[in-house]
Amino acid sequence: MSSVAVGFAGVTKSYSGKTVVDGLSFTVAPGECFGLLGPNGAGKSTIARMILGMTQPDAGKITVLGVPVPARGRLARKGIGVVPQFDNLDSEFTVRENLLVFGRYFGMSTRAIAAIIPSLLEFARLANKADARVADLSGGMRRRLTLARALINDPQLLVMDEPTTGLDPHARHLIWERLRFLLARGKTIILTTHFMEEAERLCDRLYVLEHGRNIAEGSPHALIEEHIGCHVIEIFGGNPQELSSLIRPHVQRIEVSGETLFCYAPDPEKVRVQLRGHAGLRLLQRLPNLEDVFLRLTGQELEK
Ligand SMILES: Nc1ncnc2c1ncn2[C@@H]1O[C@H](COP(=O)(O)OP(=O)(O)OP(=O)(O)O)[C@@H](O)[C@H]1O
Ligand SMILES: [Mg+2]
């Protein structure tokens, strides 16, 4: 097997003169779970589509599973399973029929597809839904079916664009467990997500984007250490501007997101003392996580 599952070298893409992927270079190793993070419009889905050979770069080189893409996109796609950001299941067909149609797209015989369907449905916890119309499934069941469908060709590489968006916490945990199972079997996963907990739990390495440019890269733990590295106190229920001037001397950094004040403090007790006597405030003290990194790297900083 090639030592690189996916390679981007100087890849650029513009739409109507606006650069949405700006000279990106990265490699994804076989067996790795590589997370693409970034705000809405950062270019994540465009990258996912370029890996599939469905969007042509303006410049740069892409290799996927050892072949150049999009030149040999058809061949690359044989080894890829896809969970697109927006489901494209056929609503009028049953669950089983959707899998049959998709398997034929990979040139599989009806018999071979029929043989694999029970295990796919079992994997996606949809065994009792084989003959249900997709239109009658819940959103979470549709997402699980899309995941099952992505596995029909036993792909080496999975490209998953927000696989758990819109799912309830049980369904999300189930998909996480399924993805960990696939990783344990040596699959390579490229995952885009807005759930920082998902990225933190699953990804070996993260690639953070803003406006099509890479702004940070590393393991979840390394990014948290590098960019935060101290306690976090979330404060709700007061005027963020007034509170920030009160506690400013005792914190490393303050950020406001909506109604919440995020304080990054080496000694959280000093912040608590400052806020004593302020009725109606709610304080949550916790260890730093990837969401803090995301807010710091891509959010509006109030002050340093
Ligand atoms: N086919 C297209 N034609 C024109 N502009 C496009 C097209 N596809 C994407 N874009 C633009 O490219 C930018 C990046 O879009 P993309 O879908 O890659 O973002 P994203 O990071 O996946 O965002 P989200 O988190 O909202 O899914 C956006 O500004 C989007 O409007
Ligand atoms: Mg997207």
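Once a new chain begins, its residue numbering starts again from 1 and follows that chain's sequence as written. Throughout, the order in which chains and ligands are written sets their labels, letters from A for the former and numbers from 1 for the latter. At least 70 in pLDDT is required for a residue's local features to be given in this predicted model, at least 80 for side-chain atom pairs to be given and counted, and no such filter applies to totals for whole chains, interfaces and linings, which use all residues.

Draft legend 1. Quick look at the sheet that holds strand β1 (residues 6–15). The strand order across the open sheet formed by 4 strands is β2-β1-β4-β5, and the pairing between neighbours is antiparallel. Both outer strands of the open sheet, β2 (18–28) and β5 (67–69), are each paired with one neighbouring strand and no more. On average, each strand axis in the sheet is inclined to that of its neighbour by 30°, with strand direction left out of account. Here, strands pair whenever DSSP counts at least two bridges between them. Helix numbering and strand numbering both begin at the N terminus, where a helix is a DSSP run of H or I of at least 4 residues and a strand a DSSP run of E of at least 2. For strand β4 (residues 59–64) and β5, the ladder comprises 3 bridges, and the chain directions are antiparallel. By the bridge assignment, Ile62 is partnered in β5 with Val69. Think of each axis as a best-fit line through the C-alpha atoms, taken over the contacting stretch in the case of a helix, with angles from 0 to 180 degrees between the N-to-C directions.

Draft legend 2. View of the domain arrangement of the protein. Reported domain spans reflect what an automatic or database domain assignment gives. Each assigned domain of the protein is listed with its residue range as follows: domain 1 (6–224) and domain 2 (230–287). Taking the mean C-alpha position of each, domain 1 and domain 2 sit 38 Å from one another.

Draft legend 3. Main features of the packing of helix α8 (residues 220–227) against helix α11 (residues 290–298). Remark: α8 packs on α11, axes separated minimally by 9 Å, with the N-to-C direction vectors making an angle of 55°. With respect to each other, α8 and α11 are oriented oblique. Handedness of the crossing formed by α8 with α11: left-handed. Together, Pro220, Leu223, Ile224 and His227 of α8 and Leu290, Val293, Arg296 and Leu297 of α11 make up the contact between the two elements. Our angle categories are set so that under 35 degrees counts as roughly parallel, over 145 as roughly antiparallel, 65 to 115 as roughly perpendicular, and the remainder as oblique. Crossing handedness: left-handed means the near helix sits turned counterclockwise from the far one by under a right angle, and right-handed means the same turn made clockwise. Any pair of residues counts as being in contact when their C-beta atoms, constructed from backbone geometry, are within 7 Å of one another.

Draft legend 4. View of α8. Inspection of α8 places Pro220, Leu223 and His227 among the buried residues, and these make up the whole buried set. Buried residues of α8, viewed axially, fall in a sector of 65°; they line one side. Exposed side of α8, more than 90 degrees from the buried face: His221 and Glu226 are the residues found there. Buried residues in α8 make contact with α7 (196–202), β9 (205–210), β10 (213–218) and α11. The positive-phi residue at the C-terminal boundary of α8 is Gly229, with phi of around 65°. The burial label depends on the number of other C-beta atoms within 10 Å of a residue's C-beta. Counts of 20 or more mean buried, 12 or fewer mean exposed, and intermediate counts mean partly exposed, with C-beta atoms placed from the backbone. Directions are taken from the helix axis to each C-beta atom, and the arc is the one they span.

Draft legend 5. Representation of the nonpolar core within the structure. Ile51, Ala148, Val159, Ile189, Ile190 and Cys263 are the most contacted members of the largest nonpolar core, which totals 74 residues. With 5 residues, strand β13 (residues 260–265) is the single largest residue contributor to this core. Structurally, this core is a two-domain feature, drawing no fewer than three residues from each of domain 1 (6–224) and domain 2 (230–287). Setting aside chain neighbours within four positions, we find Ala148 in contact with Leu99, Leu120, Leu121, Phe123, Ala124 and Leu126. Only buried Ala, Val, Leu, Ile, Met, Phe, Trp, Tyr and Cys residues enter a nonpolar core, and they are joined through C-beta atoms within 7 Å.

Draft legend 6. The sheet that holds β10, seen in detail. Pairing is mixed across the open sheet formed by 6 strands, whose spatial order is β6-β7-β8-β3-β9-β10. Two strands bound the open sheet, and with one partner strand each, they are β6 (80–83) and β10. Ignoring strand direction, the axes of neighbouring strands in this sheet form an average angle of 15°. As defined by bridge partners, strand β7 (residues 157–161) adjoins strand β8 (residues 188–192) across 5 bridges and the pair is classed as parallel. Each residue of the ladder has a partner; that of Leu157, found in β8, is Thr188.

Draft legend 7. Seen up close, unusual backbone geometry. Each neighbour pair has its own omega, and for Val69 with Pro70 the value is 10°, a cis peptide bond. The phi angle at Leu65 is positive, at roughly 50°, despite the residue not being glycine. Among the secondary structure elements, Leu65 is positioned in the loop between β4 and β5. Of note in the backbone geometry, Arg125 takes a positive phi value of approximately 55° without being a glycine. Inspection of the secondary structure assignment puts Arg125 in the loop between α4 (110–123) and α5 (139–150). A tally of 16 C-beta atoms within 10 Å means that Arg125 is categorised as partly exposed.

Draft legend 8. A look at the site of ligand 1. Around ligand 1 sit Tyr15, Val20, Gly38, Asn40, Gly41, Ala42, Gly43, Lys44, Ser45, Thr46 and Gln85, and those are all the residues in its vicinity. If you tally residues by element for the shell around ligand 1, the top one is helix α1 (residues 44–51), at 3 residues. Residues were grouped as follows: Ala, Val, Leu, Ile, Met, Phe, Trp, Tyr, Cys and Pro as nonpolar; Asp, Glu, Lys and Arg as charged; and all remaining residues, including Gly, as polar. Partitioning the shell around ligand 1 into residue classes produces 3 nonpolar, 7 polar and 1 charged. Put plainly, near means the residue's C-beta atom, positioned from the backbone, lies within 6 Å of the molecule or strand in question.

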